[in-house]
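# Structural overview
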Amino acid sequence: MPSYLHEMLLHLFRNRSGSAADLLREFDVDLPEYDDTRVDSSDLSDLRPAEYRADMVSFLMHGSQKVLGIIIEVQLGRDDDKPYAWPAYVVNLRARHRCPVCLLVITTNDAVARWAGRSIELGPGTQCKPWVIGPSNTPMVTELKDAQANPELAVLSAIEHGQSADIPLAARIASAAIVASADIDAERSRLYLDLILISLSQNAPKAFEATMNSLGYETRSDSARRYYGQGKAEGRVELILKLLALRFGPLTEAIQTRVRSAQDARLDTVAERVLTAQTLEDALGPLS
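A short tour of the structure in this document, coming up. Keep in mind the model is a prediction, meaning the values are calculated, not measured.

### Focus: the packing of aromatic side chains
Counted according to the given criterion, the structure contains two aromatic pairs. Between Trp86 and Trp115, the aromatic rings sit 5.8 Å apart at their centres with planes inclined by 50°, giving tilted as the arrangement. Of this pair, Trp86 sits in helix α3 (residues 82–97) while Trp115 sits in helix α4 (residues 110–116), placing them 29 residues apart in sequence. Note on accessibility: Trp86 and Trp115 belong to one class, buried. For the cation-ring pair, Lys66 lies above Phe59, with the distance from its terminal atom to the ring centre recorded as 4.6 Å.

Structure, rendered in structure tokens:
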């Protein structure tokens, strides 16, 4: 069964159908001329009984013509069946739609990236070579303007680089993604914040701590100042209120008053609970 992280990563590509092309462009792939992208059926079976279903399929469109099919696979661990299935995905999609096709694999582990990136030998002189995105080659989205221009890529960047040994860099990337996520529609905001914070808290707690500090006290962007620029203590409260609202929806005046009147130690506890609490009341707990 697909994991939560697996499904949430796919949402980044469903919510912005051009994300796959964005990533291929980072590889300097010579993409055909196109003016639109379209998500399509991920059923890649042919007429034989065997069933092949990719995680996602996207097409680059030039007018009504499909000029490139992109098969997107989220791969969080090794799967020795995939080198046999992946070429079938490519061949079946190419035959069905009569257009060029490539395979894009997304992983959050460099060892899995090295495994997935190997050429798949099909026979003498015939190979299938996936494009692979992992922590070592995901674009580093550190500037807020870039994160706001492409929130999905910013969130992916935060997830991929959250485990970096360079904690300040990881915090800068995550901060840009969080602030950019605050400026989009409420549903995507909550989803993306959830994905960033859970990923950081589980895999990179030091990066999470540095991110909170960066958002609360060090960020210099106009957008961030709107939430966090009132001074150290007040800015910290506003950050926690913003995180609570992004995760659980609009806060009532009574809830905002409870948070603003809480002592520092209680606020620290709330900030930690934001990551894992299932409900707003679980996150708040006893604030007095």
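### Points about the sheet that holds strand β7 (residues 131–133)
Strand pairing in a sheet relies on backbone hydrogen bonds, with the paired strands running either antiparallel or parallel. Taken in spatial order, the five strands line up as β1-β2-β3-β4-β7 in an open sheet, and their pairing is mixed. A single partner strand is all that each edge strand has here, and the edge strands are β1 (36–40) and β7. In this sheet, adjacent strand axes meet at a mean angle of 25° when their direction is disregarded. Sheet topology places strand β4 (residues 101–106) next to β7; three bridges connect them, and they run parallel. Within β7, the position partnered with Ile106 by the bridge is Ile133. Of the strands in this sheet, β2 (56–62), β3 (65–74), β4 and β7 touch helix α2 (residues 19–26), which is tilted by about 90° from β4. Packed on one face of the sheet, α3 meets β1, β2, β3 and β4 and runs near 160° to β3.

### Some thoughts on unusual backbone geometry
A positive phi angle is found at Asp28, which is not glycine, with a value near 65°. Take Asp28: it is sitting in the loop between α2 and β1. Under the relative-accessibility criterion, Asp28 is labelled exposed at 70%. At Arg98, a position not held by glycine, the phi torsion is positive, near 55°. Of note, Arg98 is situated in the loop between α3 and β4.

### Quick look at the pairing of strand β5 (residues 120–123)
As paired elements, β5 and strand β6 (residues 126–128) share three bridges and run antiparallel to each other. If you follow Gly123 over to β6, its bridge partner there is Thr126. Linkage of β5 to β6, two consecutive antiparallel strands, is achieved through a turn of two residues, within which Gly125 is found at a positive phi near 80°.

### A look at the nonpolar core
If you look at the biggest cluster of nonpolar residues, it comprises 66 residues, and the most contacted ones within it are Ile70, Ile106 and Leu244. With eight residues, the single largest contributor to this core is helix α7 (residues 167–181). What Leu244 contacts, discounting residues up to four positions off in sequence, is Gly249, Leu251, Val259, Val270, Val274, Leu280, Ala283 and Leu284. Val90, Val101, Leu103 and Ala116 belong to the second largest nonpolar core, which has 21 residues in total.

### Focus: the pattern of salt bridges
Applying the stated criterion across every chain yields a total of ten salt bridges. Lys145 serves as the salt-bridge partner of Asp146, at 3.3 Å between the closest nitrogen and oxygen. The exposed category is assigned to Lys145, whose relative accessible area is 59%. Across the salt bridge formed by Arg188 and Asp185, the nearest N and O atoms sit 2.7 Å from each other. Arg188 gets classed as partly exposed once you look at its relative accessible area, which sits at 22%. Residue Asp185 is classed as partly exposed on the basis of its relative accessible area, which comes to 38%. Taken together, the salt bridges that share partners define one network made up of Arg16, Asp22 and Arg25.

How each quantity is defined
- Here the residue numbering is sequential within each chain, running from 1 through the sequence in written order.
- Reporting of local features is limited, given that this is a predicted model, to residues whose pLDDT is at least 70; pairs of side-chain atoms are given and counted only at 80 or more, and all residues count toward the totals for whole chains, interfaces and linings.
- Side-chain measures here rest on the full set of heavy atoms in the structure, leaving out hydrogens and waters.
- Under the pairing criterion, centres of Phe, Tyr and Trp rings, with the six-membered ring standing for Trp, must be within 6.5 Å; the plane angle then separates stacked pairs below 30 degrees from edge-to-face pairs above 60, leaving the rest tilted.
- Here a strand is any run of E in DSSP of at least two residues, a helix any run of H or I of at least four, and the numbering for each starts at the N terminus.
- Throughout, exposure labels follow a simple rule: accessible area from a 1.4 Å probe, protein chains only, divided by the maximum for the residue type, with under 20% read as buried, over 50% as exposed, and the rest as partly exposed.
- The rule for a charge over a ring is simple: NZ of Lys or CZ of Arg within 6 Å of the ring centre, and within 35 degrees of the ring normal.
- At least two bridges found by DSSP between two strands is the condition for calling them paired.
- Fitting a line to C-alpha atoms yields each axis, with helices limited to the stretch in contact; the angle taken between N-to-C directions then spans 0 to 180 degrees.
- Pairs of residues are marked as contacts when any of their non-hydrogen atoms sit within 4.5 Å.
- Joining through side-chain atoms within 4.5 Å is the link that ties buried Ala, Val, Leu, Ile, Met, Phe, Trp, Tyr and Cys residues into a set, and such a set is a nonpolar core.
- When a carboxyl oxygen of Asp or Glu is within 4 Å of a side-chain nitrogen of Lys or Arg, the pair counts as a salt bridge.

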